[in-house]
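# Breakdown of the fold
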Amino acid sequence: MLAEITAAALICLDPGHGTAPGIGRQLEPIGPGSRQVKIKDPGGAAGEAPVALAIARRTRSLLLARGYRVAMTRNGTDYPGGNRERARFCNARHASLMIRIHADGSADSSVRGISTLVPARRRGWTDDIYDPSRRAGLLLQRELVAATGARNLGVVERSDLTGFNWADVPAVLVETGFMSSPRESALLRSAGYQEKIAGALVRATQRFLIR
Ligand SMILES: [Zn+2]
């Protein structure tokens, strides 16, 4: 008797930032064929890059334990490319979902909360991933807020993000909280809160993949 072998879904985790300024300041087109360019990595909020990596590693562990395959664009402090390369990395692996993990910053230290960014619909760039990305974003945002009790800043469509416009697989970006808020940055640096976020990402991913 032949066993039916189905490859487990592959989730691409993309912890934001970590690019050295020499490369980070280089320009790249914001989408295929675009003359509009953006720098590869503005550096992110203070302390954001290590928090993003820590959450990604916890998420990877939970996903692997549930039998998923996981690829990470960055699994060390340094990433030598831009957001186009991050998207291409996930495209090449035919990821079922690309989860970009970030934290926010604001000049106002009282601003707190979690948001999830999803690609806006643009013909030729994101029309093929718009619907599944939005569905994943809604699931992720709901699970993140439920798990953490953080302020719900909602799901936000973005047309200007290089890492979305080059993606050929469903892609979302979670802004897991504000590093500029003393209260939220302390939480984001704690193992317990990182685990809550990782658990929420995994639950939402499982729901996303069911259908
Ligand atoms: Zn960021």
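Residues numbered from 1 in each chain as written. Predicted model: local features only at pLDDT ≥ 70, side-chain atom pairs only at ≥ 80, totals over all residues. Heavy atoms only, no water.

### Some remarks on the overall build of the protein
Here is the rule we go by: By the criteria applied, helices consist of DSSP H or I runs no shorter than four residues and strands consist of E runs no shorter than two, each listed in order from the N terminus. All radius of gyration figures rest on C-alpha atoms, and the globule criterion is 2.2 Å times the number of residues raised to 0.38. When accessible area is computed with a 1.4 Å probe and restricted to protein chains, residues below 20% of their type maximum are described as buried, those above 50% as exposed, and intermediate ones as partly exposed. It only takes one pair of heavy atoms within 4.5 Å for two residues to be counted as in contact.
Counting secondary structure elements, the protein contains 7 helices and 8 strands. The globule rule puts the C-alpha radius of gyration for 211 residues at 17 Å, and the 16 Å found for the protein is close to it. By principal-axis analysis of the C-alpha atoms, the protein measures approximately 60 × 45 × 30 Å. A buried classification covers 52% of the 211 residues belonging to the protein. Sequence-distant contacts, at least 24 apart, represent 78% of the contacts inside the protein between residues at least 6 apart.

### Some remarks on the packing of aromatic side chains
The line we're drawing: Stacked, tilted and edge-to-face are the three classes applied to pairs of Phe, Tyr and Trp rings, where Trp contributes its six-membered ring and a pair requires centres within 6.5 Å; stacked means planes under 30 degrees apart, edge-to-face means over 60, and tilted covers the rest. Note on criteria: charge over ring means Lys NZ or Arg CZ within 6 Å of the ring centre, with the direction from the centre no more than 35 degrees off the ring normal.
Following the criterion strictly, the structure yields 0 aromatic pairs and no others. Over the ring of Phe-89 we find Arg-93; its NZ or CZ atom is 3.6 Å from the centre of that ring. Above the face of the Trp-125 ring, Arg-122 is positioned so that its terminal group lies 3.7 Å from the ring centre.

### Topic: the side chain of Ser-115
When you line up the elements, Ser-115 lands in strand β6 (residues 114–119). Setting aside residues no more than four positions away along its own chain, Ser-115 makes contact with Asp-104, Gln-141, Leu-153, Gly-154, Leu-173, Val-174 and Glu-175.

### As for the packing of helix α4 (residues 130–148) against helix α7 (residues 191–210)
Our working rule: Lines fitted to C-alpha atoms define the axes here, with helix axes fitted over just the stretch in contact, and angles between the N-to-C directions of these axes take values from 0 to 180 degrees. Should the near helix be turned anticlockwise from the far one by less than a right angle, the crossing is termed left-handed; should it be turned clockwise, right-handed. Residue polarity follows a fixed list, in which Ala, Val, Leu, Ile, Met, Phe, Trp, Tyr, Cys and Pro are nonpolar, Asp, Glu, Lys and Arg are charged, and the others, Gly among them, are polar.
Where α4 contacts α7, the two axes come as close as 8 Å, and the packing angle between them is 145°. The two elements α4 and α7 meet at a crossing, and its hand is right-handed. In contact with Pro-132, Arg-135, Ala-136, Leu-139, Leu-140, Arg-142, Glu-143, Leu-144, Ala-147 and Thr-148 of α4, α7 contributes Tyr-193, Lys-196, Ile-197, Ala-200, Leu-201, Arg-203, Ala-204, Arg-207 and Phe-208. Broken down by class, the residue content of the contact of α4 with α7 amounts to 12 nonpolar, 1 polar and 6 charged.

### As for unusual backbone geometry
In most cases, non-glycine residues show a negative phi, while peptide bonds are predominantly trans. Its identity is not glycine, yet His-17 carries a phi of approximately 70°, on the positive side. Notably, His-94 is not glycine yet its phi reads approximately 50°, a positive angle. Residue placement: His-94 occurs in the loop between α3 (83–92) and β5 (97–104).

### A few points about the coordination of the zinc ion
Heads up, the rule is: Coordinating N, O and S atoms are those within 2.8 Å of the metal (3.2 Å for Na, K and Ca), and as water is not part of the atoms, a site may appear to have fewer donors than expected.
Of the protein atoms, only His-17 (NE2), Glu-48 (OE) and His-102 (ND1) coordinate the zinc ion, at distances of 2.0 to 2.1 Å. In the primary structure, the donors to the zinc ion are separated according to the pattern H-x30-E-x53-H. You can see Glu-48 sitting in helix α2 (residues 48–65) and its partner His-102 sitting in strand β5, a full 54 residues away along the chain. Residue Glu-48 is classed as buried on the basis of its relative accessible area, which comes to 2%.

### Structural notes on the nonpolar core
To keep things clear, this is the line we draw: The term nonpolar core refers to a set of buried residues drawn from Ala, Val, Leu, Ile, Met, Phe, Trp, Tyr and Cys, joined through side-chain atoms within 4.5 Å.
In terms of nonpolar packing, the biggest core is built from 34 residues, with Ile-99, Ile-101, Leu-188 and Leu-201 touching the most fellow members. Secondary structure elements with two or more residues in this core: β1 (10–15), α2, β5, β6, α4, β8 (171–178) and α7. With 7 residues, α7 is the single largest residue contributor to this core. Residue contacts for Ile-99: discarding those within four places in its chain leaves Ile-11, Cys-12, Leu-13, Asp-14, Val-172, Val-174 and Thr-205. One finds Ala-87, Ala-95, Trp-166 and Leu-173 within the second-largest nonpolar core, a separate group that totals 16 residues.

### Things to note about the environment of Gly-113
With respect to the secondary-structure elements, Gly-113 resides in the loop between β5 and β6. Spatially, the C-alpha atoms of Gly-113 and Ala-103 are 9.9 Å apart, while their sequence positions differ by 10 residues. Those residues within four positions of Gly-113 in sequence are excluded, and the remaining contacts are Arg-151, Leu-153, Glu-175, Gly-177, Phe-178 and Glu-184.

### Examining the sheet that holds β6
Going by this rule: DSSP calls a pair of strands paired once it identifies at least 2 bridges connecting them.
Spatially, the 6 strands line up as an open sheet ordered β4-β1-β5-β8-β6-β7, and their pairing is mixed. Both outer strands of the open sheet, β4 (69–72) and β7 (152–158), are each paired with one neighbouring strand and no more. Strand-to-strand, the axes of this sheet are offset by a mean angle of 20°, without reference to chain direction. Pairing between β1 and β5: 5 bridges, direction parallel. Looking across to β5, one finds that Ile-11 is bridged to Leu-97.

### What to know about the state of the cysteines
Selection rule: A pair of sulfur atoms, both from cysteines and within 2.5 Å, is called a disulfide here.
Applying the stated rule across the entire model yields 1 disulfide. Sulfur-sulfur distance for the disulfide between Cys-12 and Cys-90 comes to 2.1 Å. Disulfide Cys-12 to Cys-90: torsion about the S-S bond roughly -70°, handedness left-handed. Separated by 78 residues along the polypeptide, Cys-12 in strand β1 and Cys-90 in helix α3 bring together distant segments of the chain. For the pair shown, Cys-12 and Cys-90 are each scored as buried.

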